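Given next are the chains, with one letter for each unit.
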Amino acid sequence: MTYIQERGSTHVYHVNRMSKEEMDHMISLCVHEQPAYCVAACPFKMDTKEMLYYAAKGNFKKALAIYEKITPFPMILCDGCTAPCEDNCKLCELGDGVSIREVERAIVRYGEPGRRSSVFRMRKKKRAAIFGSGLFPLFLAGELEKKMYPTTIYCKEEDYESYIAAAAGHLLESDRSNEVKRLKSMDLSFEFGCSLNLSFIREKMELADVVCASEEVAKMLAPEEADVEIMLREQAKIVSGPAESVMDAAFAAKRAALTVDLLVQNLSPHSNRGSEGAVTTKLYTNMEGIHGSNKIFCGQNGYSKEEAVEEAKRCIQCHCDECMKGCVYLSEYQKHPGLLAREIYNNTQIIMGDHPMNKPMNACALCGQCTVICPNGFDMSQVCKSARENMVSTDKMPLAPHEFALMDMLFSNSEAFLSRLQPGYETCRYVFFPGCQAGAIAPDVVMQAYEDLSNRVAGGVALMLGCCGAISEWAGRYEMTEKVNEQLKQELAKLGDPIIIAGCPSCMKQLKESIGAHVIGIWEILREIGLPQQAKGLEIPVAIHDACGARGDAQTQDMIRQLLSDMGCIVEDTEYSRDLSPCCGYGGLTAYANKDMAAKMTEKCLERSDAPYITYCMACRDRFAREGRESRHIMELLYGANASNMPDISEKRYNRLILKQTLLKNIWNEEPIMEKKDYTVAYTEEAIHMMDERMILKSDVERVLSDYRENREAILDEETKELVTRSRLGNVTFWVRFVETEDGYLVHRAYSHRMNIMKRVGQ
């Protein structure tokens, strides 16, 4: 047995980093955090979606708090709002959009204003003066009060009521009264009944650091200025704005408040230009299954609270979670790929200590389903694969999550490896490459398939049993992948560089991409030469599970369906089939690195149909069988030979060895050398189950027992009369609990850990 050594920190490896620019570009493809269509259309950037969410729940207090973030006087704004959000509501595509403005009015009327805490509100030292009345001065007063500027308003009006009336006299009396209460609660100073002539204004200007004026007063101060939409006199620090409409005034006031910030810091106010306003959104919202509806009728007095709740419920809360709906991995972590990719990137490039994202990056199946589902083609598998390679190359990725799978690959390409020309040929046109999982799970199927191909395919068919290198590729161990590639290239050259007939779509993909080989699927050859005589489909409807390796390969997907139809199968296409098909949990080595995640992936695959599953990946077939679902690899139907259900990890090793030995003997007349022991090792059912769960091979146990036979070191459990012994094999210490029998040993339990047991000399 070959064991993999942990990498030491002194070895220098090539670092394959994803640059910050590449990562930023990748993250930009994810539209999950893009604003909803209504939010993007709002020049004030109000979170309309969240406001409607709380309104739909009847929580008008929280809904009002969201509205109050964008304006100090919500009733005045919503009464005069032109509601560009309504025209951009996604529901307009199917019927009436949500009546957002009327819901806003109800929120303002029925919502309880929030109480502002004064604990962290510290008044600024610079003072502001506002001259005049109307919409712009009123909104600006509220904005400056939010920013904690000591502000004095000088106006002709005699009281708060008339000051509000000068700006919003058209409001209902009750609504106007509520806005008066808001104004009175603000930390503002008023001087009512002022005579706003030039001498008075210039006198009061001396008391302020920044002067803000209504349009009327601004023209009085600077009659030569033609454009007073936003008039900036940097020398006098005068800020003014328009009063044509509520929207214009409110928007200008927000921008003017930012300008005040710049002026008091002696910064150029022109840098504030264009910082506000509506934006363009790239959000994608799937409207499939959503039905249009009519908005609730609104009378002259607006919605009642109950009507507003019902109208808010019509909001579909536009969002993009297509990948999270289809991908168990993203759904389990409850993070959209943009955020998860950023955290993984930081884990590989920035964090120097503990690496908490190692487990998430290893849990990804690298299947590419997210890329197909995402409207912008976000590729989470690229992020995770690149991250694994980086962590491996910098010695920050422990071997433990993937060690067993990597050892299994080495076994397939050493002890279980076989490469032979078809008898009677010096070179062959083809070579059959069934894949390591086919030999491990269905060795009889592999033998029958090779016999059929060698008998019916012209030009000769060689045979190669081994692993394509996908395992080390998935693990990010690119140095191991390069060694596998070199081995396969050399063996293919000995065979005359034949066309590879693959029995697995993952092998097809890996061999094409890694060594540039000409690869076709066995299904393609069988479409040409015809079905084997023993081919027979199931007599009940079957569901197809498309393998991850065939994602984007419509030709293979179509051929599989055609072959099943030719065998008389009634085929059901399920949700998330073809390119949208999820991973069974084996891909990306998820089954080794995160068993719970892999189990959920398998469950996701099986929930699509109650019918027997037909697949063309042996790993998929094995995982489905382990969950109790009847499943078949298409080659089992083609050759009338069913694989054994749920072989454990030791049986899979044994099957590959027996397959090699049987083929050598029956086809190439080579008698294999069998190692014989003079004792037997038996296992209880509990031990077999435990070993399979913990990925402990029978060969590991037998190595430990062999060491025991030499050193006779064991601990006796007086209660059970069982012996416990241990040995360190490679990076792992294995423990075996057993009893001695007349013929050898009976193993009751086995477990392992990565701790190294040290002996103290002299004790």
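Novice: Would you mind showing me how to read the nonpolar core here?
Specialist: For soluble globular proteins, nonpolar side chains are generally found buried alongside one another. Tyr 329, Ile 344, Met 380, Phe 432 and Ile 522 are the most contacted members of the largest nonpolar core, which totals 130 residues. With six residues, the single largest contributor to this core is helix H20 (residues 380-393). Apart from residues lying up to four places away in sequence, Ile 522 is in contact with Phe 432, Ala 449, Leu 453, Ile 501, Ala 502, Gly 503, Met 635 and Tyr 639. Cys 42, Ile 76, Ile 100 and Val 108 belong to the second-largest nonpolar core, a separate cluster that totals 80 residues.

Novice: What is the right way to look at the sheet that holds strand E13 (residues 571-572) in this model?
Specialist: Either a parallel or an antiparallel arrangement is found when strands of a sheet pair, and the pairing is made through backbone hydrogen bonds. A sheet is described by the order of its strands in space; here four strands give the open sequence E13-E12-E14-E15, paired in parallel fashion. Only two strands of the sheet have a single partner each, and these edge strands are E13 and strand E15 (631-633). As paired strands, strand E12 (residues 542-545) and strand E14 (residues 613-615) are joined by three bridges and run parallel to one another. When the bridges of E14 are listed, Ala 543 appears paired with Tyr 613. Those strands touched by helix H31 (residues 618-626) are E12, E14 and E15, and its axis lies near 165° from that of E15.

Novice: Would you mind going over the packing of aromatic side chains with me for this structure?
Specialist: Ring pairs (aromatic) are described by centroid distance and by the angle formed between their planes. Counted by the stated rule, this structure contains 22 aromatic pairs. Considering the side-chain rings of Tyr 154 and Phe 200, the 5.9 Å spacing of their centres and the 80° angle between planes classify their relative orientation as edge-to-face. Residue Tyr 154 is located in strand E2 (residues 151-154), and its partner Phe 200 is located in helix H11 (residues 198-205); the two are separated by 46 residues in the primary sequence. For the pair formed by Tyr 154 and Phe 200, the shared burial category is buried. Arranged with centres 6.1 Å apart and planes meeting at 5°, the rings of Trp 735 and Tyr 751 form a pair that is stacked. Highlighted residues: Trp 735 in strand E19 (residues 732-740) and Tyr 751 in strand E20 (residues 744-753), separated in sequence by 16 residues. With relative accessibility at 15%, the residue Trp 735 sits in the buried group. Since its relative accessible area comes to 33%, Tyr 751 is described here as partly exposed. Its guanidinium or amino end placed over the ring of Tyr 149, Lys 124 lies 4.9 Å from that ring's centre, counting from NZ or CZ. Of note, Arg 653 hangs over the ring of Phe 411, and the distance from its end group to the ring centre comes to 4.6 Å.

About the criteria used
- Residues numbered from 1 in each chain as written.
- Predicted model: local features only at pLDDT ≥ 70, side-chain atom pairs only at ≥ 80, totals over all residues.
- Heavy atoms only, no water.
- Core = buried A, V, L, I, M, F, W, Y, C linked by side-chain atoms within 4.5 Å.
- Buried < 20%, exposed > 50% of the residue type's maximum accessible area, 1.4 Å probe, protein only.
- Helix = DSSP H or I, 4+ residues; strand = E, 2+ residues; numbered from the N terminus.
- Contact = heavy atoms within 4.5 Å.
- Pairing = 2+ DSSP bridges.
- Axes fitted to C-alpha atoms, helices over the stretch in contact; angles between N-to-C directions.
- Phe/Tyr/Trp six-rings, centres within 6.5 Å; stacked < 30°, edge-to-face > 60°.
- Lys NZ or Arg CZ within 6 Å of the ring centre and 35° of its normal.

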